[in-house]
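The residues making up each chain are set out below.
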Amino acid sequence: MITLFGKPVAESIQKSVQQRADLFFKKHRRKPKLVVVLVGNDPASQIYTRKKGEAALQLGFDHETLHLLQTASPSEVRLHIEKLNNDPTVDGILIQRPLPTAFSENEVVFWVHPEKDVDAFHPINTGKLALGLPCLQPCTPTGIMALLSYYKISPAGKLVSVIGRSSIVGRPMGSLLLRADATVFQCHSKTPHLKEITNQSDIVIVAAGKMALVDDSYLKSGAVVVDVGMHRNSQNKVVGDVDFEKAQNKVSAITPVPGGVGPMTIAVLMKNTMDAAEMRVGAA
Ligand code: NAD
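In this numbering scheme, every chain counts its residues from 1 along its sequence in written order. It should be noted that, the model being predicted, local features are given only for residues of pLDDT at least 70 and side-chain atom pairs only at 80 or more, the latter also being counted only at that level, while totals for whole chains, interfaces and linings use all residues. To obtain the side-chain values, all non-hydrogen atoms of the structure were included, while hydrogens and water were left out.

J.: Explain the packing of helix α5 (residues 123-131) against helix α7 (residues 170-179) residue by residue, including any values.
T.: Closest axis-to-axis distance for the α5/α7 pair is 8 Å, and the angle between their directions is 35°. Note on element contacts: α7 touches α5 through P172, S175, L176 and R179, opposite K128, L129 and A130. Charged residues are taken to be Asp, Glu, Lys and Arg, nonpolar residues to be Ala, Val, Leu, Ile, Met, Phe, Trp, Tyr, Cys and Pro, and polar residues to be all remaining types, Gly included. Partitioned by chemical class, the residues of the contact of α5 with α7 number four nonpolar, one polar and two charged. A fitted line through C-alpha atoms represents every axis, and for helices the fit uses only the stretch in contact; the resulting angles, taken between N-to-C directions, go from 0 to 180 degrees. Strands here are runs of E lasting at least two residues and helices are runs of H or I lasting at least four, both read from the DSSP assignment and numbered beginning at the N terminus. Should any heavy atoms of two residues lie within 4.5 Å, those residues are counted as being in contact.

J.: A description of unusual backbone geometry should follow, citing residues and the corresponding values.
T.: Note the cis peptide between R97 and P98, where omega equals 0°. Relative to the helices and strands, P98 resides in the loop between β4 (92-95) and α4 (105-108). A cis amide bond links V257 with the next residue in sequence, P258, at an omega value of 0°. With respect to the helices and strands, the residue P258 is situated in the loop between β11 (253-254) and α10 (262-283). With phi around 55°, H193 is a residue other than glycine that occupies positive phi space. In this structure, H193 sits in the loop between β6 (183-187) and α8 (194-198). Relative accessibility under 20% of the residue-type maximum defines a buried residue, over 50% an exposed one, and the middle range a partly exposed one, all with a 1.4 Å probe and only protein chains included. The exposure class of H193 is exposed, given its relative accessible area of 55%. One non-glycine residue, N236, lies in the positive phi region at around 65°. Inspection of the secondary structure assignment puts N236 in the loop between β9 (231-232) and β10 (238-239).

J.: So what's going on with the sheet that holds strand β3 (residues 62-68)? Which residues, and what values?
T.: DSSP bridges decide pairing: two strands pair if at least two such bridges lie between them. With parallel pairing, the three strands of this open sheet are ordered in space as β3-β2-β4. The sheet is open, and its two edges are formed by β3 and β4, each paired on a single side. Strand-to-strand twist in this sheet, taken as the mean axis angle between neighbours without regard to direction, amounts to 15°. Where strand β2 (residues 33-39) and β4 come together, four bridges link them in parallel fashion. Within the sheet, the bridge partner assigned to V37 lies in β4 and is I95. This element, helix α3 (residues 74-86), spans β2, β3 and β4 of the sheet and lies at about 180° to β2.

J.: For the site of the ligand, give the residues involved together with the corresponding values.
T.: The nearness test applies per residue and asks whether one of its heavy atoms lies within 4 Å of the molecule or strand. Neighbouring residues of the ligand: 20 residues in total, closest R165, S166, H188, S189 and T265. Within the backbone of H188, a nitrogen or oxygen atom sits 3.4 Å from a nitrogen atom of the ligand. Polar contacts, as used here, are pairs of N or O atoms within 3.5 Å; protein pairs need one atom able to donate a hydrogen and one able to accept it. Residues neighboring in sequence count only if both atoms are side-chain atoms. Taking V228, its main chain carries an N or O atom lying 3.4 Å from an oxygen atom of the ligand.

J.: I'd like to hear about the environment of N272, residue by residue, with values.
T.: Note on placement: N272 falls in helix α10. A C-alpha to C-alpha distance of 28 Å links N272 and H188, two positions 84 residues apart in sequence. Apart from the residues lying within four places of it in its own chain, the contact partners of N272 are V118, L136, Q137 and C139.

J.: How would you explain the pairing of β6 if you had to name every residue and give the values?
T.: Alignment of strand β5 (residues 159-163) against β6, held across five bridges, turns out to be parallel. Within the sheet, the bridge partner assigned to I163 lies in β6 and is C187.

J.: Tell me what's going on with the packing of aromatic side chains, and back it up with residues and numbers.
T.: Between 30 and 60 degrees the pair is tilted, below 30 it is stacked and above 60 it is edge-to-face, where a pair is any two Phe, Tyr or Trp rings, Trp via its six-membered ring, whose centres lie within 6.5 Å. Enumeration over the complete set of coordinates arrives at two aromatic pairs. Between F103 and W111, the ring centres sit 6.2 Å apart and the planes meet at 70°, which makes this aromatic pair edge-to-face. Judged by relative accessible area, F103 falls into the buried class, the value being 11%. The interplanar angle of 75° and the centroid separation of 5.1 Å between the aromatic rings of Y150 and Y151 together place this pair among those described as edge-to-face. On the accessibility criterion, Y150 (39% relative accessible area) is partly exposed.

Any link to function would need more than the numbers given here.
Next up, the structure:
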């Protein structure tokens, strides 16, 4: 059984991004720049925002957090984002979620210009992804594809279950797998006989947000399991959507939580910022 650690994969992505950032600076006399827009004082969001900023600086990017008040109105925030969209020194813009309840996600996804949309949530990017066209790709599913590729696990010709259909993880995960020639079972909370489906699957990717949803009874012998979930259990330990203890004896490979998918997300965010910067100067 192989444990699919994310750290070496994330480090190899970050190393290549750092080299590209150096080259970009030499060529264009400016650093790639990521701006994170944070609205309000959600403690977890503040930690995530700080971590993204630190990662950007470490790789030689410019970084700014635009911290707006909890009471900022959607139109006010939209104006700030419009300014960033028009600022030629800004390459990537990310709106930290969750936003206060006054904001509608269906509107917010249109705000960041698709070329600066490093989270890849804009419908232009999600549409291109679904059509298999080149675009900025969502961080977590792209990180999972990089993780599988690093460990030489090819989804091509395999039966793959994705549990979850959120616009952040499950849905784009299905698109990326389809693009990689997998046969995808896109499962969700209304899927009947989930176990029967996952039991046939060579690869099971679990992004349901339900602690220990999947145990060995959901898995065929030798399956590869990717656990996207992140929770704190009653002992305050970080755990996933998969019961690792039970699953590990049946699978050929599995991601740990923490330390599996987690490190991939920020690494791909940095890669997306670098891609966005290169695409923009290339287009200028
Ligand atoms: P979400 O709540 O938006 O979506 C969950 C999906 O799972 C839904 O589509 C739902 O239909 C499906 N689902 C729920 N219960 C189910 C069940 N019993 N059977 C089958 N399907 C079920 O969640 P999300 O944003 O996609 O996140 C999923 C998990 O991944 C969360 O635990 C989240 O914290 C974690 N996450 C981790 C990272 C990371 O970087 N490691 C990034 C994003 C999300």
